[in-house]
Amino acid sequence: MSLGKICACAVLSMAVAAPAMASSQIVINGSTTVLPVMQKAGEAFMAAHPDIHLSISGGGSGNGIKALIEGQCAIAMSSRAIQDKESKAAAAKGVTPVATAIAYDAIVPVVHPDNKIKSLTSAQLRDVYAGKIKNWKELGGKDSKIVVISRDTSSGTFECWNELVMKKTRVMPGALMQASNGAVIQAIAKNPNAIGYVGLGYLNKSVHGLTVDGKEPTAANAISKVWPISRELYIYTNGQPQGDVKKLVDYLLDPSKGQKNVAEIGYIPMPTK
Amino acid sequence: MRNYRFKEAVIQKSLAITATLSLLALLGIVLFLFLEGLPLFSHYSFTDFFFGQLWYPTEEPGVFGIFPLFIGSIAVTVLSSAFAIPLGVFTAIYLNEIAHSNTRRIIKPFIELLAALPSVVLGFLGMVLLAPFLQEVFNADTGLNLLNAAIVLTFMSVPTICSISEDALHAVPGSLREGSLALGATRWQTIRRVVLPAALSGIGTAIMLGMSRAIGETMVVLMCAGGAGILPDSLFAPIRPMPASIAAEMAEAPFRSDHYHALFAIGILLFLLTLCFNIIASRIAEKHRQVGTSSL
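What comes next concerns the included structure. (Residues numbered from 1 in each chain as written. Chains lettered and ligands numbered in written order. Predicted model: local features only at pLDDT ≥ 70, side-chain atom pairs only at ≥ 80, totals over all residues. Heavy atoms only, no water.)

## Some remarks on the pairing of strand 2 (residues 52-58) of chain A
Phase 1 of the analysis: With seven bridges connecting them, strand 1 (residues 24-30) of chain A and strand 2 of chain A associate as parallel partners. Paired with Ile26 of chain A across the strands is Leu54 of chain A, a residue of strand 2 of chain A. (Pairing = 2+ DSSP bridges. Helix = DSSP H or I, 4+ residues; strand = E, 2+ residues; numbered from the N terminus.)

Next comes the structure, spelled out in structure tokens:
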């Protein structure tokens, strides 16, 4: 008897509470590259819009787009453009992914600060990663083996590197695949013979960023595409953003709000039109 | 009276349901693993998968040769076992047979505490402390290599091996030791000829469980092994064991793509390997089961 009463009470109170919690929820999933921006901007956005709740999780660009196609999230974060296969899968489910660029990310080749080499050409980088150039001597450095560090093949960063630097040449199987930008920095900082690549935002004093084809890795060069290895970061929505999702997208693109967070994280804000 | 019987029945049923649940969960996971992994082989031959030398999963079409990853897993497991088995078993012998009971009471909890360390913490230590050390001392190209991962994995399997072996040694009846010593055997002879054989099944199980922990361990090999998909040619070669590939790539693999199926196929292989270890462990436990003291 008493148990029944408790149950009834619980159901009743939930029914009463539900309208009070009517605030909408936006589920966001995807690239861990975009994640820190979304988290930082999301906090401020939720403070400004108490009725909208954001549920943000990372899991990779592929997972985010997958979730968007499956209807499990409203916004997918991605560090790459959608693939043909994914577009087809989306079409089959009646979903139209629409991309909005929210920031620029530039990838910078890095070496140990003690390394004499401070500048390389795209072609040299390609040969090093393909395993054709094996010794720093061949690049004008000291006589020691080059330890090639790469990101794992399914990261957005690897894909960008593969496309913009490798240009259909394979990264050699002997390259050390690290699972995050942080792990690459860590490995380079501890190894004078290593070369790797990280997002511009991760560059710190423990490693040295190389100039490529004589171009400095700077934000301005990335936006103007003078820097040869730069890419855009996207969020994908099903159709044009609407309602609460649109509020969030507008917030992200606002130069005084979301774009500030972009810069704080270490990416490059979208140029103001 | 009836009330008691009813209660008893309810408790029995709910316990049975709990047990069934874990069985169902296991069946579900295995079924899912096979359903997601096997589709790869509809158009990619098993030979190319298992014996293939190259792993380029994101190309079109993808290349899914896991032989270097498989060998990497085997190499790191064998090497870490070579460190962990003597360390674990000898520590267990010391604790149970030689150490004063107070010493044992202090040391054993610490060894078990080692098992409680999250693997990501050990992995981080391997990456930040041990790798640069190996690089320096052995003048290796990179500290992130087979040896580094094997040493860190040793820290993970020693507690398992030591703790279970110690329990096995502890279970050997004191009368056996006393009998052996009474016949004039030295302490070492007693340990080697009487106590160890009597505890063999437990020690065997301990070793197998320790090894299966090493082969399935993901975080440590992801962080410490270097991640190069090549066949190791020395102790200092970077390797990429199978769990590292799954962990690094699963999040980015497009859903139900060949790459996704290939990662699950690796999962099947890992599952079969650990299953083998566990079956061997239980076979050892079965075969050398000590019933009383009469069979010695």
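Okay, back to it.
## Some thoughts on the environment of Thr218 of chain B
All names here are of chain B.
Phase 1 of the analysis: Position of Thr218 among the secondary structure elements: in the loop between helix 9 (200-216) and helix 10 (219-224).
Phase 2 of the analysis: The class for Thr218 is partly exposed, based on a relative accessible area of 26%.
Phase 3 of the analysis: Considered as a pair, Thr218 and Asp48 are 170 residues apart in the sequence and their alpha carbons are 24 Å apart.
Phase 4 of the analysis: In this view, Thr218 contacts Pro243 and Ala247; residues no more than four positions away in its chain are not counted. (Buried < 20%, exposed > 50% of the residue type's maximum accessible area, 1.4 Å probe, protein only. Contact = heavy atoms within 4.5 Å.)

## Quick notes on the packing of aromatic side chains
Residues and elements named next belong to chain A.
Phase 1 of the analysis: Applying the stated criterion across every chain, the model contains 18 aromatic pairs over all chains.
Phase 2 of the analysis: When the centroid spacing of 4.1 Å and the interplanar angle of 5 degrees are considered together, the rings of Trp161 and Tyr197 count as stacked. Of this pair, Trp161 sits in helix 6 (residues 156-166) while Tyr197 sits in strand 8 (residues 194-199), placing them 36 residues apart in sequence. Of the two residues, Trp161 and Tyr197, neither departs from the other in class, the shared state being buried. (Phe/Tyr/Trp six-rings, centres within 6.5 Å; stacked < 30°, edge-to-face > 60°.)

## Let's talk about the packing of helix 5 (residues 119-138) of chain B against helix 6 (residues 146-171) of chain B
All names here are of chain B.
Phase 1 of the analysis: Two numbers describe how helix 5 lies on helix 6: the axes approach to 9 Å, and their chain directions differ by 140 degrees. Taken together, helix 5 and helix 6 sit at an angle that is classed as oblique. In terms of crossing hand, the pair formed by helix 5 and helix 6 is right-handed. Only Leu147, Asn148, Ile151, Val152, Phe155 and Met156 of helix 6 make contact with helix 5, whose side of the interface consists of Ser119, Leu122, Gly123, Gly126, Leu130, Ala131, Leu134 and Phe138.
Phase 2 of the analysis: Each residue belonging to the contact of helix 5 with helix 6 can be placed in one class, and the counts come to ten nonpolar, four polar and no charged. (Axes fitted to C-alpha atoms, helices over the stretch in contact; angles between N-to-C directions. Parallel < 35°, antiparallel > 145°, perpendicular 65-115°, else oblique. Left-handed = near helix turned anticlockwise from the far one by under 90°. Nonpolar A, V, L, I, M, F, W, Y, C, P; charged D, E, K, R; others polar.)

## So, the environment of Ile28 of chain A
All names here are of chain A.
Phase 1 of the analysis: Counting through the fold element by element, Ile28 comes out in strand 1.
Phase 2 of the analysis: Relative accessible area serves as the criterion here: at 0%, Ile28 is assigned to the buried category.
Phase 3 of the analysis: Sequence separation between Ile28 and Ile56 is 28 residues; the distance between their C-alpha atoms is 4.7 Å.
Phase 4 of the analysis: Once residues lying within four places of it in the same chain are set aside, the contact partners of Ile28 are Met38, Leu54, Ser55, Ile56, Ser57, Cys73, Ile75, Met77 and Leu248.

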